[in-house]
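Coordinate analysis (summary)
What follows is the residue order along each chain.
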Amino acid sequence: MGQDQGDGPVSTSRDQILARIRAANSGAANSGAANSGAANSGAANSAANSAANSAANWAAGGADGRSAGQAEYAAAADAAYAALPREYLRAHHDPASGGIADLFAERIADYRAVVERVPESGLAAPVARVLAERAAVTPGPFVVPDGLPPGWLAALSPAIELARDTPPLPAAELDRMAGVITGCAVAIAETGTIILDHGPGQGRRALTLVPDFHLVIVRASQVYADLADAFARLDPSRPHTLISGPSATSDIELIRVEGVHGPRTLHVLLALRH
Amino acid sequence: MTAPGVGAPPPGALPASAPHPGMPTYLGMPSFPVAAKAAVADSQLRANLAHATRTIRAKRAVAVAELADWEQLRQAAKAIKDHTLAHLDTYLLQLEANVTRAGGQVHWAADADEANAIVASLVRSAGADGVVKVKSMATQETGLNEALAADGIGALETDLAELIVQLGHDRPSHILVPAIHKNRAEIREIFRTQMPDAPAGLTDDPAALAAAARTHLRQAFLSASVGVSGANFAIAETGSLVVVESEGNGRMCVTLPRTLISVVGIEKILPSWRDLEVFLALLPRSSTAERMNPYTSTWTGITPGDGPQDFHLVLLDNGRTSALADQTGRQALRCIRCSACLNVCPVYERTGGHAYGSPYPGPIGAIISPLLRGVTSPIDASLPYASTLCGACYEVCPVAINIPEALVHLRAKVVDAKREKTFSPERTIFQLSGRVLRSPRLLAAAQRASSLSGKLVARSGRIRRLPPPLNRWTETRDAPAPPPESFRAWWARTRGTGR
């Protein structure tokens, strides 16, 4: 909030826009359209006044954050927000039913990802096989992000070349990779979605974008039934990529075609405990 | 549907009809009926549109039916958006504070010109003469590409359909699929003639066309230093931006360049991260009829070592505060640009998007354009009439925008704006009818006259042509012939007087 506190005029468009919003919303309170509960004109006037006061308070707010007026105004918004109706289902599937991992496999396969169920204790062999198959048709190294469990790569044939992203590989270099292998943060069964938060074992965003082949390992324990469960486990301050199948487009005659700018092949190893 | 006129300007509101220098490309458009005439006569266009909209309508219905709580999700989305609009200043300031804290810079643009100037100056200070763009309605609305070109900055559209439109020197005609008016054969022709690196022997197989676009844009993505995007959602609580897409061009634009500039309408804001559980359930199913679109990116300011290290958020008003001041029209600001309303609209299916004279076609465009720009130009004054009021748009809208209600309200505004102007046959007829209907004697005389004249002009029960100025009615439709005798006359003749 500090950038407007210096000398000279404040950002005029910012002030104009905020003033127009407050005028429009005090009008709304007057006609009862806003959900502030201001039904009579006295309440509406006070709403208009508090909007005007709030404007002044925001402008006067110190570098430490909210003034008393800001806090009061924001608290009113918070209270109204908490009271909003949310009658939708938090879960469309019962996680206790045990079919969540299967549902995830089925739904991401619907969007043309290649899915294999493998035992979590024996990931090295399927990883080695999938990379060997890819290497047979596409030259180049596979990029491996920092923090990938080393056991996953324990059975690779010596012919498979690996590249590390330290120091960071230029985009043009990434374009010459045969593929990338990563883990993920969480997955959603309902929509067949894999979520990367680009933490350890997932790499920065470019790593899973530029190469044309993405092998991703999803542990069954990372699969949540629905959007709401999965999103509650994410840290919004991190960058995220939600992936539901390989790159696709519906831009020609609204018909879905797989394979545009992102990885054209998405290979998923779903690791099960038994 | 409520009666028109409920949205009288509230005291203290700024005038909603103030002109905005927005959407420069489309000004000077003829009114909707004039523009639609050519489109309706184009049988290829109508076949392309009918095919595409029929396909997506059926798929959407299946995707929506999968969720038992669709209506509850829709009502939650409506409530969240209405709440956000009622506290828009608070949430914008919260967003600004959080984006700034996360290392981004926030700019405010009152109108299209200001937004374009901010972007141009940011591109220049990044030392670039070109940008890669992911499809964004906000920058189409501001005419950013044209403004940048005037400044010597090239803007490359990377969305497949936008690329088709840009290469074809055409205009977008659909919110989601801007090239919906072109079929695969036409697209192949555009690629063959306008794309220098199109492969020899390119077929019209959609997969081959998509592959050609991949090759064509690859180098531009890898070498771009500035990306320009919009955003589907901006989260006030965290300062996060969200871009929903399919092809991966969005990921390229928001990840690979050193500088990222996102131009976002002030109504795109959501209070909290949690709200994504509602909107990411509604948007893909309504838009592409998928359970989830292939790629969604979220980012919060700058992440050291990952993605752009210079991030700018341009918050755009450009008429949105005028729409907010319109108590009936403000619901249009709930729109999440899914385009479901276009795909079900019987008018859109026949006219296509160009006739709407704005980047926002279809039912939502018929209310958004006049709300953002006012009702002074011929195109904006005609848009509220570009509808049969059948209500299909309202039914499919994932944020429950009552488009028919807003259309009727805007029609009233158009009439009010014209009231002071010169002679109008329509108004004269309605004034005369009012007088006639108020007087039993005049009504009886008029009914006798119409029965008589009906005998003169009607053929087999229909009136096909009336003399001027009444021919404006019969130009596009037949009128039923008046009955030979009115009910009142029949009543009086058969038993009215005798009993």
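Residues numbered from 1 in each chain as written. Chains lettered and ligands numbered in written order. Predicted model: local features only at pLDDT ≥ 70, side-chain atom pairs only at ≥ 80, totals over all residues.

**Quick notes on the overall build of chain A**
Helix and strand content of chain A: seven helices and 12 strands. A burial count over chain A gives 45% of its 274 residues as buried. Residue pairs at least 24 apart in sequence account for 68% of intrachain contacts in chain A once pairs closer than 6 positions are excluded. (Helix = DSSP H or I, 4+ residues; strand = E, 2+ residues; numbered from the N terminus. Buried ≥ 20, exposed ≤ 12 C-beta atoms within 10 Å, placed from the backbone. Contact = placed C-beta atoms within 7 Å.)

**Digging into the interface of chain A and chain B**
A common way to report how large an interface is uses the accessible area buried once the components associate. Counting residues at the interface gives 75 residues for chain A, matched by 89 residues for chain B. For the side of chain A that touches chain B, the secondary structure elements donating two or more residues are helix H1 (12-31), helix H2 (41-60), helix H3 (68-82), helix H6 (171-174), helix H7 (227-232), strand E9 (240-243) and strand E10 (248-249) of chain A. Top element by residues in the side of chain A that touches chain B is H1 of chain A. It accounts for 16 residues. The class makeup of the residues in the side of chain A that touches chain B is 38 nonpolar, 26 polar and 11 charged. (Nonpolar A, V, L, I, M, F, W, Y, C, P; charged D, E, K, R; others polar.)

**Here we look at the nonpolar core**
If you look at the biggest cluster of nonpolar residues, it comprises 201 residues, and the most contacted ones within it are Val218 of chain A together with Phe279, Val314, Leu315, Ala332, Cys341 and Ile367 of chain B. Every residue in contact with Ile367 of chain B, bar those within four places of it in the chain, is listed here: Gly329, Ala332, Ile403, Ala406, Leu407 and Leu410 of chain B. (Core = buried A, V, L, I, M, F, W, Y, C linked by C-beta atoms within 7 Å.)

**Thoughts on the sheet that holds E9 of chain A**
Strand order in the open sheet formed by eight strands is E8(A)-E5(A)-E6(A)-E9(A)-E9(B)-E6(B)-E5(B)-E8(B), and the pairing between neighbours is mixed. The open sheet is flanked by strand E8 (223-224) of chain A together with strand E8 (269-270) of chain B, the only strands paired with a single partner. (Pairing = 2+ DSSP bridges.)

**Regarding unusual backbone geometry**
Cis geometry marks the peptide bond from Thr166 of chain A to Pro167 of chain A; its omega dihedral reads -5°. A positive phi is found at His198 of chain A, a non-glycine position, where the angle reads about 60°.

**Let's talk about the sheet that holds strand E2 (residues 142-144) of chain A**
Residue and element names in this part refer to chain A. A sheet is described by the order of its strands in space; here six strands give the open sequence E1-E12-E7-E4-E2-E3, paired in parallel fashion. Edge positions in the sheet fall to strand E1 (114-119) and strand E3 (162-164), since each of these pairs with one other strand and no more. Averaged over neighbouring strand pairs, the angle between their axes works out to 25° when direction is ignored. Summarising the sheet, E1 and strand E12 (residues 265-272) pair through six bridges and their orientation is parallel. Bridge pairing in E12 links Pro119 to Leu272. (Axes fitted to C-alpha atoms, helices over the stretch in contact; angles between N-to-C directions.)

**Structural notes on the packing of helix H9 (residues 184-194) of chain B against helix H10 (residues 206-223) of chain B**
Residue and element names in this part refer to chain B. Closest axis-to-axis distance for the H9/H10 pair is 10 Å, and the angle between their directions is 30°. What the angle tells us is that H9 and H10 run roughly parallel. Every pair of crossing elements has a handedness; the one defined by H9 and H10 is left-handed. Seen from H9, the contacting residues are Arg184, Ile187, Arg188 and Phe191; seen from H10, they are Pro206, Leu209 and Ala212. Its residues assigned to classes, the contact of H9 with H10 shows five nonpolar, no polar and two charged. (Parallel < 35°, antiparallel > 145°, perpendicular 65-115°, else oblique. Left-handed = near helix turned anticlockwise from the far one by under 90°.)

**Looking at helix H3 (residues 70-86) of chain B**
Because an α-helix packs 3.6 residues into every turn, residues spaced three or four apart end up facing the same way. For H3 of chain B, spanning 17 residues, the distance from its first C-alpha to its last is 24 Å, which sits close to the expected 24 Å at 1.5 Å a residue. The buried fraction of H3 of chain B is high, at 13 of 17 residues. (Expected span 1.5 Å × (residues − 1).)

**Section: helix H4 (residues 100-110) of chain A**
All names here are of chain A. Restricting attention to buried positions, one finds in H4 the residues Ile100, Ala101, Phe104, Ala105, Arg107 and Ile108. Contact partners of the buried residues in H4: E1, strand E5 (186-188), E8 and E12. Immediately beyond the C-terminal end of H4, within one or two residues, lies Arg112, with a positive phi of roughly 70°.

**Overview of the packing of helix H20 (residues 425-438) of chain B against helix H21 (residues 440-457) of chain B**
All names here are of chain B. Between H20 and H21, whose axes approach to 5 Å, the crossing angle comes to 115°. The angle between the axes of H20 and H21 places the two elements in the roughly perpendicular class. For the pair H20 and H21, the contacting residues are Arg435, Val436 and Leu437 in the first and Leu442, Leu443 and Ala446 in the second. Classifying every residue of the contact of H20 with H21 gives five nonpolar, no polar and one charged.

**Considerations on the confidence of the model for chain A**
Detail in the predicted coordinates should be disregarded across regions flagged by low pLDDT. Residues and elements named next belong to chain A. Chain-level pLDDT for chain A is 85 on average; 81% of the residues reach the 70-or-more range. Low confidence marks residues 1-8, where pLDDT is under 50. Its contacts with residues over four positions away, or in another chain, come to five contacts. In the model, residues 32-65 has pLDDT below 50 throughout and makes 51 contacts with residues more than four positions away in sequence or in other chains. (pLDDT = per-residue confidence, 0-100.)

**Some remarks on the confidence of the model for chain B**
Residues and elements named next belong to chain B. With 93% of its residues at a pLDDT of at least 70, chain B reaches an overall mean of 90. Ignoring residues within four places in sequence, the model shows residues 1-22, a span with pLDDT below 50, making 62 contacts including any to other chains. Across the interfaces of the predicted complex, the ipTM metric reaches 0.86, alongside a pTM of 0.87.

**Structural notes on the environment of His107 of chain B**
Residue and element names in this part refer to chain B. Position of His107 relative to the elements: it lies in strand E1 (residues 105-109). For the pair His107 and His312, spaced 205 residues apart in sequence, the C-alpha separation works out to 7.3 Å. Beyond its immediate stretch of four places on either side in the chain, His107 contacts Ile118, His312, Val314 and Leu315.

**Comments concerning the environment of Leu153 of chain A**
Residue and element names in this part refer to chain A. Residue placement: Leu153 occurs in the loop between E2 and E3. Residue classification places Leu153 among the partly exposed positions, given that 18 C-beta atoms sit within 10 Å. In the structure, Leu153 is positioned 10 residues away from Val143 in sequence and 12 Å away in space, judged by C-alpha atoms.

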